[in-house]
Amino acid sequence: MATSDEHPLREIQPEWLRPFFSIIVLRCTATNKQRAISQLVNFLKASARRPGKELPVIVADGLVAEDKMLPCRVDGFIYRQDCRPSWANPQFELVDTKHSLALALTHNEFVAVYCDNYLKSRLQRWLSRPPIPPFVRVPPEVFQGALLQGEARGLWLQGTHTRRTTRPDTKNLSGQRLQDALNPLEDGSFAFSSARASLPAAGSRQALTGSIGTTPRNALIWGRATNDFDEFVEMTIEALRLLEETIEGGTELVRPFPILAVQSYNLSEVHGAFDLATTPADELSSSLGAYDELIDAAQLLERALIEVRGQRDSANFSVDVGLDGVHCGTLQAVVRLESGAVRVRFGFQNEPTSLPEVRKILDALQYSEQLIRIYYESGHMIDGRSIFQPQVQQHAFHHWQWADFTGYEIAREKPIGSSPAEIHSKVGLAGDVSLFGWIVNTFSSGWLTCDDGPGEIADFVHIDNDGTLSLIHVKAAKSSAWSRRIAVGPYEIVASQAIKNLINLNPSRLRDRLESSPTPRPATWVEGVRVDSREDLLDALNCRSPRDEARVVIVQPHLSKVRYQRAGGTSPMEDIFRLNLLETLLNSVRGSVTSQGAELVVIASEH
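All values derive from a computational prediction rather than experimental measurement. Residue numbers here run from 1 along each chain, matching the order of that chain's written sequence. Residue-level local features of this predicted model are given only where pLDDT is at least 70; pairs of side-chain atoms are given and counted only at 80 or more, and the full residue set underlies all totals for whole chains, interfaces and linings. The side-chain quantities take in all heavy atoms of the structure and omit both hydrogens and water.

Aromatic pairing here means that ring centres of Phe, Tyr or Trp (its six-membered ring) are within 6.5 Å. Orientation follows from the plane angle: under 30 degrees is stacked, over 60 is edge-to-face, and everything else is tilted. Taken as a whole, this structure holds 18 aromatic pairs when the rule is applied. Centre to centre, the rings of Phe 274 and Phe 577 are 5.9 Å apart; their planes meet at 85°, and the pair counts as edge-to-face. Highlighted residues: Phe 274 in strand β15 (residues 273-278) and Phe 577 in helix α15 (residues 573-594), separated in sequence by 303 residues. Of the two residues, Phe 274 and Phe 577, neither departs from the other in class, the shared state being buried. Under the scheme used here, helices are H or I runs from DSSP no shorter than 4 residues and strands are E runs no shorter than 2 residues, and both carry numbers assigned from the N terminus. Think of it in three bands: residues with accessible area under 20% of the maximum for their type are buried, residues over 50% are exposed, and the middle band is partly exposed, with areas taken using a 1.4 Å probe on protein chains only.

Another aspect to go through is the nonpolar core. Of all hydrophobic cores here, the largest spans 63 residues; its most connected members are Val 25, Leu 123, Phe 135, Ile 221 and Phe 229. A contact between two residues is defined here by any heavy atoms of the two lying within 4.5 Å. Discounting residues that sit within four places of it in the chain, Val 25 has contacts with Phe 110, Val 111, Arg 137, Val 138, Phe 143, Ala 219, Ile 221, Leu 240 and Leu 243. Counting residues in hydrophobic clusters, the runner-up holds 47 residues, among them Leu 537, Leu 541, Ile 554 and Val 602. In these notes, a set of buried Ala, Val, Leu, Ile, Met, Phe, Trp, Tyr and Cys residues joined through side-chain atoms within 4.5 Å is what counts as a nonpolar core.

Only one rule defines a salt bridge in this text: a Lys or Arg side-chain nitrogen within 4 Å of an Asp or Glu carboxyl oxygen. Counted according to the given criterion, the structure contains 24 salt bridges. In this structure, Arg 73 and Asp 75 form a salt bridge, with 2.6 Å as the shortest nitrogen-oxygen distance. By relative accessible area, Arg 73 is classed as partly exposed at 32%. With a closest N to O distance of 3.3 Å, Glu 231 and Arg 224 form a salt bridge. Relative accessible area serves as the criterion here: at 15%, Glu 231 is assigned to the buried category. If you follow the salt bridges from partner to partner, you end up with Glu 302, Glu 413, Lys 414, Asp 452 and Lys 475 in one network.

Another aspect to go through is helix α5 (residues 229-249). The span one expects for a helix is its residue count, reduced by one, times 1.5 Å. In this model α5 runs 30 Å from its N-terminal to its C-terminal C-alpha over 21 residues, within 8% of the 30 Å that 1.5 Å per residue would give. A 3.5 Å cut-off defines polar contacts: any pair of N or O atoms within that distance qualifies, except that in protein one atom must be a possible hydrogen donor and the other a possible acceptor, and neighbouring residues in sequence count only when both atoms are side-chain atoms. Looking at where α5 begins, the residue whose side-chain oxygen comes 3.3 Å from the main-chain nitrogen of Asp 230 is Asp 228.

With that out of the way, let us pick up the environment of Pro 139. When you line up the elements, Pro 139 lands in the loop between β8 (135-137) and α3 (140-147). Through-space distance from the C-alpha of Pro 139 to that of Tyr 265 is 9.8 Å; in sequence the pair is 126 residues apart.

Between N-to-C directions, angles span 0 to 180 degrees; the directions come from axes that are lines fitted to C-alpha atoms, helices contributing only their stretch in contact. Following both chains from N to C, one finds α3 and α5 inclined at 105°, their axes separated by 9 Å at the closest point. Put simply, α3 runs roughly perpendicular to α5. For the pair α3 and α5, the contacting residues are Val 142, Phe 143, Gly 145, Ala 146 and Leu 147 in the first and Leu 242, Leu 243, Thr 246 and Ile 247 in the second. Note that Gly is not counted as nonpolar here; it falls among the polar residues with everything else outside the nonpolar set of Ala, Val, Leu, Ile, Met, Phe, Trp, Tyr, Cys and Pro and the charged set of Asp, Glu, Lys and Arg. Here the contact of α3 with α5 is built from residues that sort into seven nonpolar, two polar and no charged. Comment on the angle field: the value is read as roughly parallel under 35 degrees, roughly antiparallel over 145, roughly perpendicular from 65 to 115, and oblique elsewhere.

Structure (structure tokens):
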């Protein structure tokens, strides 16, 4: 950074300043604190230069001598940056001039940094990348214990679920005492990234009051515009003392909002991987940045057999993989924390029995950051970028139904066909041992139609003789082996599809959709007998009373009644945790279903 040639370099006059209160709080780890502070200030000066911009110029450096009696050490500088307006063509010779302030205020071992957003981002990267500087962020639980004990007035939430069209990526809430506004079913898959809470005056702390915000992961505190530099310094010193008192008093807070998931930053606590869930292909869209290769990978992983074997003392794991229920080989996953982000890398563990199939799955998993979630017995979940501890409820799901699938292949969802029309022509015929065939045999009373295909209502729509409407969603088990474990992944995909299609419980919309099937001759049955059209089913739909029951039925036989009963008795703790995780998911789905006046039923395997 250059210094001004037009004017002699001046010291900063405090009366010039009334900064908005926004600071990053660091702890100095160096023995020579003065040298470390100089290193920090020099880094900020060097980082002020921006690619493609004019060289910034320092116009003031340090505080005037008579103001060195402040209650803390203050280092800082003001720099000028000239640049073209973003809206101007290069040949249009206009220049914007911006002056920016950077400060470092030191109190004991703590340093509060004030700077513009560009320098904040550079500072965050500097703290995370080698060579590690002599500063560390104050841990998030300290900010949470110091600043988030009062009434929450603002919450910025980020989803820990896989990105999908049926769930928002983020939520921003504002109001009074937002702790009471959070819903365990709706919000349990979100973690807070930033929060603002009321902080009343207490004792000697009189400036740092009102609604104070924090982003704990970035060691950031913010508040309001200050009237002068003295108020800014006073708020900063009170914030540093409050953090200091929180550490000394042991009042750190890990879960300021118990309903929400919590982001974790310690990979050493993560162990015992037991399940890997993938994002359904039809939940991806261009708005989520989806592209053809990503969608193809998601479709392949939906077909894939994925059985996870974790390690007791590590986040790493092995994956037995295959396609369409057939085991083909084993992959090894190595999980690392690099520059504050989680990286999951897959590779061959040994020689596969079928290299082409395993290679396809390995190639699909290269999109792990966008497509997968890994669940751990330690209570953690990794989404390919971050570590979270989801809030897992211990409430049973009471709407299981156990069915006998003898004679059917539970790992086969539908008959093999190259098009929806071919699949429809084969459903329910002699020799159809898929789950679609089981549906036709089981829901033989009343009216039944298959709607499998792009933009489907559900896999099947059924109207019973008593008027009960059922939207039936079917998904094959990941394995038909009797030893298959309790897993969330096989249910996440079909549950997401069920939620997405709740809109079709509306009778008029359902009627319109059934009348305009993209399949020329959708497979349809009346009292178990195949018919040529949906005409009778539409008549039955028109005759339903608004008071007739409606259901959303999920058919996913991956869970067996034997495993379920063991998890409720003498099963190992990891099976109990898996079941709690699964039933938390299903209770959440049921909340969405009942809000539409329907009931959720989940059909799993008797054996």
